[in-house]
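Examination of the molecular architecture
Okay, here's what each chain looks like letter by letter:
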Amino acid sequence: MDCITINEKDNVCVDLSTGHKRALHNINKGEDIIKYGYPIGYATENIFAGEHVHSHNMKTKLGDILTYKYAPDCCELPAKEPFEINAYIRENGDIGIRNDIWIIPTVGCVNSIAKELSEKTGAIDFAHPYGCSQLGDDMKTTQLILKGLINHPNAGGVLVLGLGCENNNISEMQRVLGFWNDNRIKFLTVQDCNDEISEGIALIEELKQTASGDERVPVSVSKLKIGLKCGGSDGFSGITANAVVGAVTDEICSMGGAAVLTEVPEMFGAETMLFDRCINKEVFDKGVSLINNFKQYFKNHGQPVSENPSPGNKEGGITTLEEKSLGCVQKGGTAPVTDVITYGETVGKSGLTLLDGPGNDIVSITNLAAAGCHLVLFTTGRGTPLGGAVPTIKIASNDTIAAQKSHWIDFSAYSLNKKEKAEELLDLIKNVADGLQTKNEVHGNREIAIFKDGVTL
């Protein structure tokens, strides 16, 4: 049995043939199980050296909301000379790595019209079921996510498509937007016209005409914002894919770029690793609120804080949420945490930002796109065809899934040579930023979903 120890403090190793854990030495009942140098649970019975360690003999330690003390242990990354990518410079100084025409419905009632317009024009439509029959915070979050997408610099032009009688009608959406470029953003209320298809096509053609004058030019990678996401993890995810992404995060941040880590429930049990890297007490306090507010959300719905990992995660060798979280936060590398932002807010600082939001794959990648990320690094040990509004680079944790699902997967990170793989992934990121299509783009797999936590009328 080939087995790798991740940290010298660990009392388990990872079986390289399965991704499951084996005890490095005898572990007494009640003793902590250590992986990545941190507890991932405790032994529910005596475990002997070499034995399989999983759900049958260990259990999570997660529970109530906690208090934390700010104990900074953060080092600045050494500054590196940024390389150049070829991107579109927008009027406000942002960059876009795509120049697509998007159709954003204000309400789910016009999804079918958006789809027909997409089929007739080649514009990309983003269906969702919301925008009406919502109250309070749910309506506000829907509007904020749509605002982030409408303003996204990867879109050369956007048609905002409304019905007319919905809560989030065009006038309301315009109020949330505040200001917009009439050449880049067009509006159509379908109840107000006789032939919504012909009028929609005409507006999209206007947007195409504007976007046709845009050209890629060399810009610094310091302007790039990358989203970090993992889905369907396995026992290799924290060792290969997430660790490689973490090395890339450090590279991008050291060049002045931004990286965004979300999936708050998958920080539970690993949050102190992030808190210790907060650049000041204010960021730390926002981080504590991020974690504890999401734990309270679970408790408000009568759900255990530790309700994760999924059956697929467990089949792949992950036993507890602490183990999943400690592997998940590897995507953040060692970069200082420079900001913590709320769901629907836009990234404004270089370095590593923590973004409020759930771990659900579609909701997370939509959240990252709406926050302004130009692309998403999506690690997976199980495989998924999912893609979001922005290029979604699928990074496999093992070669098996990369080979089986080569039409889904863009990159395999399965190697113990993290530095070499990180360099390869950086090359791929540069190519994608320059225009290379990801697998989700090639196959037209682009979806959005919006977080909901309230009453539907």
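On a predicted model such as this, the values are computed, not experimentally measured, just so you know.

This part covers the overall build of the chain. The number of helices and strands found in the chain is 13 helices and 21 strands. Relative to a compact globule of 457 residues, whose C-alpha radius of gyration would be 23 Å, the chain shows 23 Å and is just as compact. For the chain, the residues scored as buried account for 56% of the 457 residues in total. Put simply, of all contacts in the chain between residues at least 6 apart along the chain, 69% involve residues at least 24 apart.

Covered by surrounding structure in strand β16 (residues 258-261) are Ala-258 and Val-260 together with Ala-259 and Leu-261, the residues of both alternating faces. Strand direction decides the pairing type here: strand β15 (residues 225-231) and β16, joined by 4 bridges, are parallel. Looking at β16, one finds that Ile-226 is bridged to Ala-259. Between the parallel elements β15 and β16, the chain passes through helix α5 (residues 241-254) in a crossover that is right-handed. Pairing between β16 and strand β18 (residues 351-355): 4 bridges, direction parallel. The residue bridging Val-260 from the neighbouring strand is Thr-353, located in β18.

Here the structure, examined in full by the defined rule, presents 1 disulfide. Paired by a disulfide, Cys-3 and Cys-13 hold their sulfur atoms 1.8 Å apart. Handedness of the Cys-3-Cys-13 disulfide follows from its S-S torsion of about 95 degrees: it is right-handed. Within this pair, whereas Cys-3 is found in strand β1 (residues 3-4), its partner Cys-13 is found in strand β2 (residues 12-15), the two being separated by 10 residues in sequence. Among the residues examined, Cys-3 registers a relative accessible area of 29% and is labelled partly exposed.

For the rest of this paragraph, the subject is the environment of Asn-292. Among the structural elements, Asn-292 can be located in helix α7 (residues 281-300). For Asn-292, a relative accessible area of 11% puts it in the buried group. The spacing of Asn-292 and Val-442 is 150 residues in sequence and 40 Å in space, taken between C-alpha atoms. Those residues in contact with Asn-292 that sit more than four places away from it in its chain are Ile-65, Leu-66 and Tyr-68.

Rules used throughout
- Residues numbered from 1 in each chain as written.
- Predicted model: local features only at pLDDT ≥ 70, side-chain atom pairs only at ≥ 80, totals over all residues.
- Heavy atoms only, no water.
- Helix = DSSP H or I, 4+ residues; strand = E, 2+ residues; numbered from the N terminus.
- Rg over C-alpha atoms; globule rule 2.2 N^0.38 Å.
- Buried < 20%, exposed > 50% of the residue type's maximum accessible area, 1.4 Å probe, protein only.
- Contact = heavy atoms within 4.5 Å.
- Pairing = 2+ DSSP bridges.
- Right-handed = clockwise from strand over helix to strand, strands pointing away.
- Disulfide = S-S within 2.5 Å.

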